[in-house]
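Given next are the chains, with one letter for each unit.
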Amino acid sequence: MLDPHSPLPPDDDTVGVLAWIHDRDHIDRVRTVADGADGWLDSHDCAVSAGTYRAAVAAAGLALQAALDLVNGRIVRAFLAIRPPSHHAERVRAHGYCFFNSVAVAAEVIVRSLNAPVLVVDFDAFHGNGTQLQFYDRGDVGYLSVHRYPFFPGTGGADEIGEGAGLGSTRNIPLAAGADDDVFCTALEHGLEEMGARLRPAAIVVSAGFSAFHGDPLGGMRLTEDGFRRMTAAVVTASEAWSNGRVLSILEGGYEPTGSARCASAHIDELAAEHR
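Residues numbered from 1 in each chain as written. Predicted model: local features only at pLDDT ≥ 70, side-chain atom pairs only at ≥ 80, totals over all residues. Heavy atoms only, no water.

### Quick word on the pattern of salt bridges
We count it as follows: Definition used for salt bridges: Asp or Glu carboxyl oxygen within 4 Å of a side-chain nitrogen of Lys or Arg. A 1.4 Å probe rolled over the protein chains alone gives each residue an accessible area, and that area as a share of the maximum for its type sets the label: buried under 20%, exposed over 50%, partly exposed in between. Secondary structure elements follow DSSP: runs of H or I of four or more residues count as helices, runs of E of two or more count as strands, with numbering from the N terminus.
Considering all chains together, one arrives at 13 salt bridges under this definition. Across the pair arginine 93 and glutamate 90 runs a salt bridge whose closest N-O atoms are separated by 3.2 Å. For arginine 93, a relative accessible area of 27% gives the class partly exposed. Note on glutamate 90: relative accessible area 14%, which makes it buried. Where arginine 198 meets glutamate 194, a salt bridge forms, and the shortest distance between an N and an O atom there is 4.0 Å. With arginine 198 and glutamate 194 both in helix H6 (residues 181-199), this residue pair falls four residues apart, about one helical turn. On the basis of relative accessible area, arginine 198 is assigned to the partly exposed category, the value being 47%.

### A few points about the side chain of glutamate 252
Test applied: Two residue types count as positive, namely Lys and Arg, and two as negative, namely Asp and Glu; His and chain ends fall outside the count. Here a polar contact is recorded for every N or O atom pair within 3.5 Å, except that within protein the pair must consist of a potential hydrogen donor and a potential acceptor, and residues adjacent in sequence are included only if both atoms are side-chain atoms. Residues are treated as being in contact if the distance between any of their heavy atoms lies within 4.5 Å.
Here glutamate 252 lies in the loop between strand S8 (247-251) and helix H8 (257-272). Despite its burial, glutamate 252 pairs with no opposite charge, the nearest such side chain being arginine 83 at 6.2 Å. Here serine 207 takes part through its side chain, which lies 2.8 Å from a polar atom of the side chain of glutamate 252. Each residue touching glutamate 252, except ones within four places of it in the same chain, is listed here: Arg83, Pro85, Ser86, His87, Val103, Asp124, Ser207, Ala208 and Gly209.

### Points about the sheet that holds strand S5 (residues 141-148)
Whether parallel or antiparallel, the strands of a sheet pair through hydrogen bonds between backbone atoms. Quick note on the threshold: DSSP calls a pair of strands paired once it identifies at least 2 bridges connecting them. Axis definition: a line fitted to C-alpha atoms, limited for helices to the stretch in contact. Angles are taken between N-to-C directions and run from 0 to 180 degrees.
Taken together, the six strands give an open sheet; going across it, the order is S3-S8-S7-S4-S5-S6, and neighbouring strands pair in parallel fashion. At either margin of the open sheet sits one strand with a lone partner, and together these are strand S3 (77-80) and strand S6 (170-175). Direction aside, the axes of adjacent strands within the sheet are offset by 10° on average. Across the face of the sheet, helix H3 (residues 52-71) comes into contact with S3, strand S7 (203-208) and S8 while running at roughly 170° to S8. Its contacts with the sheet put H8 on S3, S7 and S8, and the angle it makes with S3 is roughly 160°.

None of this, on its own, says anything about what the molecule does.
Given below as structure tokens:
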């Protein structure tokens, strides 16, 4: 859990950090549309209400504060059940129910604070195009994603491996629809071994989506709660090997409420287990 003595940062501070990730015009556009009480942003799946901007800034603020608590040693592992989700939000547009990329905020804060690499691990059934794009040409933030492919949002092929200074720091493991626990988890475990050895990350930030659950109406995968438990255990083990146990997990997708809750509970139980 978060340090109870660490309140959320002021909105102005959060917006300042959001400007590391998003163009100011995008931040202002989310606020302007929300001020109009309703509307749409950038794509058919980003409806805006009067509370959207406040909720999105609060979500990013929680990611910011948790990242600071992590680097200052107040916490070692944490799960943030925030909304809206993050990983589809790009620098200049909202996308896939995501307005601001809180995962990217957390990774950026940790990198700047520790001056050491961070690995983002994404096991949502949908590829995190926004997070990948944010760090695609950088070598200090790695991105590992296991996901259904081809599928929304159309990115995440195995040939997407980064460019420039980031060449080799992006690792996509696309899987066909219907992948089960063993296929999905084995892919993630192998990716963690590869990317951990490559980056030696100081912390792991998780895009924890539960849309790969077998009962999810959209994800098209066949994972169980045990699969999410196994993947979380692999992340924790990798963090013990490379990152002094530091893991910051942030909620992404999941469209079957009961199943998502069970999978999230298994994820949290494993995060909260004693260090290995």
